[in-house]
Amino acid sequence: MNAFGSSASGATTPVSAVRRRAVVDALRRGAVPESGLDLLATGLGRFERAVDEELDTAAAGGSVFKAVRGEYGSGKTFFTRWLSERAKRRTFAVAEVQVSETETPLHKLETVYRRLTERLATASFPPSALRPVVDAWFYALEEDALADGASESELPQAVDRLLTARLAEVSRHAPAFATALRGYKQSLDAGDEATAAAVMAWLGGQPHVAAAARRSAGVRGDLDHFGAFGFLQGLLTVLRDAGHAGLVLVLDEVETLQRVRSDARDKALNALRQLIDEVHSGRFPGLYLIITGTPAFYDGQQGVQRLAPLAQRLATDFTTDPRFDNPRAVQIRLPGFTEASLTGLGATIRDLYTEGSQSPDRIKQLADDSYLTDLARAVGGALGGKVGVAPRLYLKKLVGDVLDRIDQFPDFDPRRHYKLTVGSSELTATERNFAAPAPAASADDLDLDI
């Protein structure tokens, strides 16, 4: 059993054609599906109770931090998207941010906040859902003001008083957040859509907003590292008042910090420590913060261990049998794939695929469990025998090269007509490293063209 699926195959409940197509299309591209992950997540049952308890904590006004560890291919992105889908069904907003040295450096939290607002999504709105959320918030303020007895003529002043009261705590740290919201509403009421859009971009942390729009809203400059904390706090308040239980924020691929300059790495690790402390202090009610990384990031001297206070906060005992890992711990690990679990996942995908096929019996006959095992072994062999890093490529080959052909060509037999080929161009950088030939043990092993 693993983070993607279990050895149990087959879908147990009917699946809509739209959901099935979205999952299959993503796998055909070699990507993790954006939705429908519950169809594949038959191996995540041991995390469900802890995740639901933590979501309940955030929904009740608490805040949660979680660190996910796993080698490449163990399903970290899958896990966080599965959790995010689960959160959306509980009315949470979600955002997945890829940490990057150039695009999203962790030591510049203003860029993290900007990516957060760009990737913000809800059950009703895809990214970026920032403006719909803010509009829903103002609508809620108007409804509350009317319920309190305000007349139509008094409504703008009553809404402004509610805005001031709801954001009082936020304004202690980031007064510009409330000021910009007022400017946005005033621009809307005046019918100035261009200024309203520009002010909303500034609220989302976007740089280089027109000076005229900033002056109109009464704000100056761009968001900085320290202001990002206040803006995040403000966003959480707006989300809650707009009817959302909270926010699930995923910081993915944090292990990239190991590859940046030492000074930037130290700043980023300290920023992460600071963010974790703020979460635990209760400053961000409704926030469920998740980071993902490899074991080398958590345990190595170029990662978490480089900053002792951060290492202490993330310390978790993984010396015991993985069966007894504590899902409630601050850090959880995702076990890698085995040949058997990869075959089981393939069976789940095959059975899901057949539900929308014109030839379900042929697919199950030609792509039986024995063939799925052979394909898993072949893909693992193409990646240096590392089955644990093979799920992405395995599912891409299974759907695009095998199941699609069985479905479309009545005389296609994968055992007779298909031989696995893996081109360098279709591999990720990590997969290419595993696929590279082993270095020669001696000079006698080298082939020289003389």
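Located above this text is the structure these notes cover.
Here the structure is a predicted model, which is why all the values come from computation and not from measurement.

Parameters and conventions
- Once a new chain begins, its residue numbering starts again from 1 and follows that chain's sequence as written.
- The predicted origin of the model limits local features to residues at a pLDDT of at least 70 and limits the giving and counting of side-chain atom pairs to 80 or more, whereas totals for whole chains, interfaces and linings rest on all residues.
- Computation of side-chain values: all heavy atoms of the structure, hydrogens and water removed.
- Only protein atoms enter the calculation, which uses a 1 Å grid: trapped sets of points that fit a 1.4 Å probe without letting it out are cavities, open sets showing protein on both sides within 12 Å along at least five of seven lines are pockets, and any residue with an atom within 4 Å of a point is a lining residue.
- Grid points are joined across faces, edges and corners, and a volume is the space filled by probe spheres set on the points.
- Segments assigned H or I by DSSP are reported as helices when at least four residues long, segments assigned E as strands when at least two residues long, and all are numbered from the N terminus.
- Geometry is summarised by axes, namely lines fitted to C-alpha atoms with helices restricted to the contacting stretch, and by angles between N-to-C directions that run from 0 to 180 degrees.
- For classification purposes, an angle smaller than 35 degrees is called roughly parallel, one larger than 145 roughly antiparallel, one from 65 to 115 roughly perpendicular, and anything else oblique.
- By definition in these notes, contact holds between two residues if any of their heavy atoms fall within 4.5 Å.
- Three classes are used: nonpolar for Ala, Val, Leu, Ile, Met, Phe, Trp, Tyr, Cys and Pro, charged for Asp, Glu, Lys and Arg, and polar for all others, with Gly counted as polar.
- Buried means the residue's accessible area, taken with a 1.4 Å probe over protein chains only, is under 20% of the maximum for its type, while exposed means over 50%, and partly exposed covers the values in between.
- By the criterion applied in these results, polar contacts are pairs of N or O atoms within 3.5 Å in which, for protein atoms, one can donate a hydrogen and the other can accept it, and in which residues neighboring in sequence qualify only through two side-chain atoms.
- Note on ring pairs: Phe, Tyr and Trp rings are taken, using the six-membered ring of Trp, and paired if centres are within 6.5 Å. Classes follow the plane angle, with under 30 degrees stacked, over 60 edge-to-face and the rest tilted.
- Working rule: Lys NZ or Arg CZ, within 6 Å of ring centre, within 35 degrees of ring normal, means a charge sits over the ring.
- The criterion for strand pairing is that DSSP finds at least two bridges linking the strands in question.

Considering empty space enclosed by the protein
Line of reasoning, step 1. Summed over all chains, the structure comprises three cavities of 30 Å³ or more.
Line of reasoning, step 2. Size it by volume and the largest cavity reaches roughly 100 Å³.
Line of reasoning, step 3. Mapped onto the lining of the largest cavity, the elements with two or more residues apiece are helix H4 (109-119) and helix H11 (225-241).
Line of reasoning, step 4. A per-element tally of the lining of the largest cavity places H4 first, with four residues.

Section: the packing of helix H1 (residues 17-28) against helix H18 (residues 391-408)
Line of reasoning, step 1. Here H1 crosses H18 at 105°, and the two axes come no closer than 7 Å. As the angle between them shows, H1 and H18 are arranged roughly perpendicular. In this structure, H1 uses Val24, Leu27 and Arg28 to contact H18, whose residues at the interface are Leu395, Lys396, Val399, Gly400 and Asp404.
Line of reasoning, step 2. For the contact of H1 with H18, the class distribution of residues is four nonpolar, one polar and three charged.

What to know about the environment of Thr102
Line of reasoning, step 1. By the secondary structure assignment, Thr102 is in the loop between strand E2 (93-98) and H4.
Line of reasoning, step 2. Along the sequence, Thr102 and Val260 sit 158 residues apart, while their C-alpha atoms lie 9.7 Å from each other.

Describing the layout of surface pockets
Line of reasoning, step 1. A volume near 390 Å³ is recorded for the second largest pocket.
Line of reasoning, step 2. Lining the second largest pocket are 19 residues; nearest its centre among them are Glu34, Glu85, Lys88, Val94 and Ala121.
Line of reasoning, step 3. Secondary-structure elements contributing two or more residues to the lining of the second largest pocket are helix H3 (76-88) and E2.
Line of reasoning, step 4. With four residues, the top contributor of residues to the lining of the second largest pocket is H3.
Line of reasoning, step 5. Residues of the lining of the second largest pocket, tallied by class, amount to seven nonpolar, three polar and nine charged.

Let's talk about the environment of Gln358
Line of reasoning, step 1. If you trace the backbone, Gln358 turns up in the loop between helix H15 (339-354) and helix H16 (360-366).
Line of reasoning, step 2. Relative accessible area serves as the criterion here: at 74%, Gln358 is assigned to the exposed category.
Line of reasoning, step 3. When the C-alpha positions of Gln358 and Asp407 are compared, they lie 7.0 Å apart, and in sequence the two are 49 residues distant.

Some words on the side chain of Arg86
Line of reasoning, step 1. Secondary-structure assignment places Arg86 in helix H3.
Line of reasoning, step 2. Engagement of the side chain of Arg86 in a polar contact is seen with the side chain of Asp52, the distance being 2.8 Å.
Line of reasoning, step 3. Here Arg86 is in contact with Glu48, Val51 and Asp52, once residues within four sequence places are set aside.

Description of the side chain of Asp401
Line of reasoning, step 1. In this fold, Asp401 is placed in helix H18.
Line of reasoning, step 2. We classify Asp401 as buried; its relative accessible area is 18%.
Line of reasoning, step 3. Residue contacts for Asp401: discarding those within four places in its chain leaves Lys396, Phe412 and Tyr418.

Remarks on the packing of aromatic side chains
Line of reasoning, step 1. In the structure shown here, the tally under the stated rule is nine aromatic pairs.
Line of reasoning, step 2. Judged by centre distance (5.6 Å) and plane angle (45°), the ring pair of Phe79 and Trp82 falls under tilted. Of this pair, Phe79 and Trp82 both sit in helix H3, three residues apart, roughly one helical turn.
Line of reasoning, step 3. Given a relative accessible area of 1%, Phe79 falls into the buried group.
Line of reasoning, step 4. Residue Trp82 is classed as buried on the basis of its relative accessible area of 3%.
Line of reasoning, step 5. Ring geometry for Phe297 and Tyr298: centres 5.2 Å apart, planes at 65°, overall edge-to-face.
Line of reasoning, step 6. The class of Phe297 is buried, set by a relative accessible area of 0%.
Line of reasoning, step 7. By relative accessible area, Tyr298 is classed as buried at 2%.
Line of reasoning, step 8. An aromatic cluster is present here, built from Tyr113, Phe177, Trp202 and Phe231 joined pairwise through their rings.
Line of reasoning, step 9. Above the face of the Phe138 ring, Lys185 is positioned so that its terminal group lies 5.8 Å from the ring centre.

Structural notes on the pairing of strand E3 (residues 247-252)
Line of reasoning, step 1. Summarising burial for E3: six of the six residues are buried, a large majority.
Line of reasoning, step 2. Alternating residues of E3 divide into Leu247, Leu249 and Leu251 and Val248, Val250 and Asp252, and every residue in both groups is buried.
Line of reasoning, step 3. Here six bridges tie E2 to E3, and the two strands are oriented parallel to one another. Residue pairing for E3: Gln98 is matched across the bridge by Asp252.

Points about unusual backbone geometry
Line of reasoning, step 1. Pro127 connects to Ser128 through a cis peptide bond whose omega is -10°.
Line of reasoning, step 2. A positive phi angle, close to 60°, is found at His208, a residue other than glycine.
Line of reasoning, step 3. Among the secondary structure elements, His208 is positioned in the loop between helix H9 (193-203) and helix H10 (211-217).
Line of reasoning, step 4. Taking relative accessible area as the criterion, His208 reaches 75% and is therefore assigned exposed.
Line of reasoning, step 5. The backbone of Glu253 sits at a positive phi, close to 60°, despite the residue not being glycine.
Line of reasoning, step 6. In this structure, Glu253 sits in the loop between E3 and helix H12 (262-281).
Line of reasoning, step 7. Judged by relative accessible area, Glu253 falls into the partly exposed class, the value being 35%.

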